[in-house]
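What follows is each chain in one-letter form.
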Amino acid sequence: HHGQQYHKHAVVHSRLKPAQRKVLRLVALTLDNKSIADKLGVKPQTVRDCISEILEELRSSHPELLLKNSRQLAFYYWGLWHQLQTRVVFAPLQL
């Protein structure tokens, strides 16, 4: 229940552009940059830039989340990042 509630709060789609939302959904499905680029018909560098923009937007909205990369972004999308951050058990893992 807490995860669902956090998920609703977490994915601030309204702040993201449509192209960023598409990339975020594909990141959440754990596709790598090349696969995302192939699916969207763009260059991998464009995907990297887009992920950077998404991270920047989310960091400015929620600096407490300490999001650093697309893997963490995937956890965030599914509403799991908050749970991972609050459990000491996961602290040593490099996600």
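Note that this is a predicted model, so its numbers are computed, not measured.

A.B. asks: So what about the pattern of salt bridges? Which residues, and what values?
C.D. replies: Taken as a whole and judged by the stated rule, the model has one salt bridge. One salt bridge in this structure joins Lys34 and Asp38, with 3.1 Å as the shortest N-O distance. Placement of both Lys34 and Asp38 in helix α3 (residues 33-40) is noted, with a separation of four residues, approximately one turn of the helix.

A.B. asks: Please provide a residue-by-residue account of the environment of Leu26, values included.
C.D. replies: Mapped onto the elements of the fold, Leu26 is located in helix α2 (residues 18-28). A residue is classified by how much of its surface remains accessible, and Leu26, at 12% relative accessible area, is buried. In this structure the C-alpha to C-alpha distance between Leu26 and Lys39, which are 13 residues apart in sequence, comes to 9.1 Å. Apart from the residues within four sequence positions on either side, Leu26 is in contact with Leu31, Ile36, Lys39 and Leu40.

A.B. asks: Describe a nonpolar patch on the surface, listing the residues and the values that go with them.
C.D. replies: Side chains of Leu29, Trp78 and Leu80 sit close together on the surface and give an oily, nonpolar patch of about 300 Å² of accessible area. Of note, Trp78 is situated in the loop between α5 (70-77) and α6 (81-86). Accessibility expressed as a relative area gives 44% for Trp78, which makes it partly exposed.

A.B. asks: Summarise α3; cite the residues concerned and give the values.
C.D. replies: The opening residue of α3 is Asp32, an N-cap whose side-chain oxygen sits 3.2 Å from the backbone nitrogen of Lys34. Following α3 by one or two positions, Gly41 adopts a phi angle in the positive range, close to 70°.

A.B. asks: Now, about the environment of Arg21: what can you tell me, with residues and values included?
C.D. replies: One can find Arg21 in helix α2. Spatially, the C-alpha atom of Arg21 lies 9.7 Å from that of Cys50, the residues being 29 residues apart in sequence. Separated by 2.9 Å, the side chain of Arg21 and the backbone oxygen of Leu16 make a polar contact.

A.B. asks: An account of the nonpolar core is needed here, citing residue identities and associated values.
C.D. replies: Judged by nonpolar contacts, the single largest core of 22 residues is most densely connected at Val23, Val27, Ile51, Ile54, Leu67, Leu73 and Tyr76. At the level of elements, α2, α3, α4 (44-61), α5 and α6 are the ones that each hand at least two residues to this core. Looking at this core, the element that brings in the most residues is α4, giving six residues. When near neighbours in sequence (up to four residues on either side) are disregarded, Leu67 contacts Leu55, Leu58, Arg59, Gln72, Leu73, Tyr76 and Trp81.

A.B. asks: Describe α2, and please don't skip the residues or the numbers.
C.D. replies: Listing the buried residues of α2 in full gives Gln20, Val23, Leu24, Leu26, Val27 and Ala28. Looking at the buried residues of α2, the elements they touch are α3, α4 and α5.

Quick notes on the rules
Just so you know, the residues in each chain are numbered from 1, in the order the chain's sequence is written. At least 70 in pLDDT is required for a residue's local features to be given in this predicted model, at least 80 for side-chain atom pairs to be given and counted, and no such filter applies to totals for whole chains, interfaces and linings, which use all residues. Hydrogen atoms and water are omitted, and side-chain values are computed over all heavy atoms in the structure. Only one rule defines a salt bridge in this text: a Lys or Arg side-chain nitrogen within 4 Å of an Asp or Glu carboxyl oxygen. By the criteria applied, helices consist of DSSP H or I runs no shorter than four residues and strands consist of E runs no shorter than two, each listed in order from the N terminus. Think of it in three bands: with a 1.4 Å probe and only protein chains considered, a residue is buried below 20% of the maximum accessible area for its type, exposed above 50%, and partly exposed in between. Two residues qualify as a contact provided that any one of their heavy atoms is within 4.5 Å of a heavy atom in the partner residue. Each patch is built from residues lacking any salt bridge and having more than 30% relative accessible area; the joining distance is 9 Å for like charges and 5 Å for nonpolar side chains (Val, Leu, Ile, Met, Phe, Trp, Tyr). Note on areas: Shrake-Rupley, 1.4 Å probe, and residue coverage restricted to the protein chains presented here. Polar contact is the term for a pair of N or O atoms within 3.5 Å; when the atoms are in protein, one must be able to donate a hydrogen and the other to accept it, and sequence-neighboring residues count only if both atoms are side-chain atoms. The criterion is simple. A nonpolar core is a set of buried Ala, Val, Leu, Ile, Met, Phe, Trp, Tyr and Cys residues joined through side-chain atoms within 4.5 Å.

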